[in-house]
Amino acid sequence: MTYSKNDQNKEKSDRNSDFPPKDCRKINLKHVNRTAFLQWPEWCEVFHVQLKLRNIDLERADFRKLRKINGSVELINTGYSRMPQTPCLSEIETNGSYPGVVILNNKRLRDIRGFINWERHFRIQGYSQFPVFISGNEQLDTVNMPSIIHHQFSPISCEKRLTPNYSIQYAEAMSLSFVLISLIISATVFLYPLSLGSANIYFVPGYHKS
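Residues numbered from 1 in each chain as written. Predicted model: local features only at pLDDT ≥ 70, side-chain atom pairs only at ≥ 80, totals over all residues. Heavy atoms only, no water.

Student: Please provide a residue-by-residue account of the nonpolar core, values included.
Tutor: Judged by nonpolar contacts, the single largest core of 30 residues is most densely connected at Trp-40 and Phe-47. Sorting the residues of this core by element identifies strand S4 (46-52), strand S5 (68-76), strand S7 (101-104) and strand S9 (132-135) as the ones contributing at least two each. Among the elements that line this core, the one with the most residues is S5, at three residues. Discounting residues that sit within four places of it in the chain, Trp-40 has contacts with Cys-24, Leu-29, Phe-47, Leu-51, Ile-56, Ala-61, Asp-62, Phe-63 and Leu-66. (Core = buried A, V, L, I, M, F, W, Y, C linked by side-chain atoms within 4.5 Å. Buried < 20%, exposed > 50% of the residue type's maximum accessible area, 1.4 Å probe, protein only. Helix = DSSP H or I, 4+ residues; strand = E, 2+ residues; numbered from the N terminus. Contact = heavy atoms within 4.5 Å.)

Student: How would you explain the side chain of Asn-137 if you had to name every residue and give the values?
Tutor: Mapping Asn-137 onto the fold places it in the loop between S9 and helix H2 (168-195). Within the structure, Asn-137 has its side chain in polar contact with the backbone oxygen of Ile-103 (distance 3.0 Å). Within the local environment of Asn-137, its side chain forms a polar contact with the backbone oxygen of Ser-135, the two atoms lying 2.8 Å apart. (Polar contact = N/O pair within 3.5 Å; in protein donor to acceptor, adjacent residues only side chain to side chain.)

Student: Report on the state of the cysteines, specifying residues and quantitative values.
Tutor: One pass over the full model with this rule turns up one disulfide. What pairs with Cys-24 in a disulfide is Cys-44, and their sulfur atoms sit 1.9 Å apart. Because the sign of the S-S torsion sets the handedness, a value of about -75 degrees for the bond joining Cys-24 and Cys-44 places this disulfide among the left-handed ones. Of this pair, Cys-24 sits in strand S1 (residues 23-24) while Cys-44 sits in the loop between strand S3 (38-39) and S4, placing them 20 residues apart in sequence. In this structure, Cys-24 and Cys-44 share a single accessibility class: buried. (Disulfide = S-S within 2.5 Å.)

Student: Account for a nonpolar patch on the surface, naming residues and giving values.
Tutor: A grouping of Leu-176, Phe-178, Val-179, Leu-180 and Leu-183 is seen on the molecular surface, where their side chains present a nonpolar patch of about 510 Å² in accessible area. With respect to the secondary-structure elements, Leu-180 resides in helix H2. (Patch = residues over 30% accessible without salt bridge, like charges linked within 9 Å, V, L, I, M, F, W, Y side chains within 5 Å. Areas by Shrake-Rupley, 256 points an atom, 1.4 Å probe, with all protein chains shown as cover. Salt bridge = Lys/Arg side-chain N within 4 Å of Asp/Glu carboxyl O.)

Student: Pulling in residues and values, what's your account of the side chain of Glu-74?
Tutor: Looking at the secondary structure, you find Glu-74 in strand S5. No salt bridge is formed by the buried Glu-74. Its closest oppositely charged neighbour is Lys-52, at 4.4 Å. Residues in contact with Glu-74, not counting those within four places in the same chain, are Gln-50, Leu-51, Lys-52, Leu-53, Arg-54, Tyr-98 and Val-102. (Lys, Arg positive; Asp, Glu negative; His and termini not counted.)

Student: Could you give an account of the packing of aromatic side chains, with specific residues and numbers?
Tutor: Two numbers describe a pair of aromatic rings. These are the distance of the centres and the angle of the planes. Using the criterion set out here, one finds two aromatic pairs in the structure. Seen from their ring centres, Trp-40 and Phe-47 are 5.6 Å apart, and the 40 degrees between their planes marks the pair as tilted. Here the two residues Trp-40 and Phe-47 agree in accessibility, since each one is buried. Where Trp-40 meets Phe-63, the ring centres are 4.7 Å apart and the plane angle is 35 degrees; that geometry is what we call tilted. In this pair, Trp-40 sits in the loop between S3 and S4 while Phe-63 sits in the loop between S4 and S5, placing the two residues 23 residues apart along the sequence. One aromatic cluster is present, built from ring pairs that chain together Trp-40, Phe-47 and Phe-63. (Phe/Tyr/Trp six-rings, centres within 6.5 Å; stacked < 30°, edge-to-face > 60°.)

Student: Could you give me a rundown of the environment of Thr-86, with the residues and numbers involved?
Tutor: Looking at the element boundaries, Thr-86 is found in the loop between S5 and strand S6 (91-93). For the pair formed by Thr-86 and Phe-115, sequence separation is 29 residues and the distance between their alpha carbons is 5.1 Å. Contact partners of Thr-86, with chain neighbours within four places excluded, come to Phe-63, Gly-114, Phe-115 and Ile-116.

Student: Which residues make up the environment of Val-46, and what values go with them?
Tutor: Checked against the element boundaries, Val-46 lands in strand S4. Separated by 46 residues in sequence, Val-46 and Ile-92 have C-alpha atoms that sit 9.9 Å apart.

This is the structure:
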């Protein structure tokens, strides 16, 4: 019995699909040239525990095969302007006591769209009130991010940015000014009639006679 080339390729792909995914964790990562950065294994498909991107050599890391993280991802206190490209990543699952994604205090960070393909199904399971925690990233524009970014319990600095240079301090000051002005106007409208004295008019007999 003979097989065509397409049949052989299909059989080969079926055998490969039966293999378990290639797992990795922090203990499998090696240091890059005796530096503090860790080398990301290109073959890794499922990462376990907490993936701290600040420890990874992101300049050379290839995340094209990564499709699941059994833990969480965090990018904290780095100078990177964008998240790494992870085209196959479709699921992040924690134990429920920690956010699935934490992006904190990266002042130059402007773009996270390459990290996750929002156009297809993506699942983040983590702490129910903060499945995604984003804060302290002044340059980040989250206007086009999905609703999970703008969770009802998220801090103010997670809310939608109007421009990439959106200033949360300016927005809070404007909001406070609006509240104060509203209170002043309301108090004026309520107290002004009271300041005019009694509204009763008394006519003195014979006063208007010539």
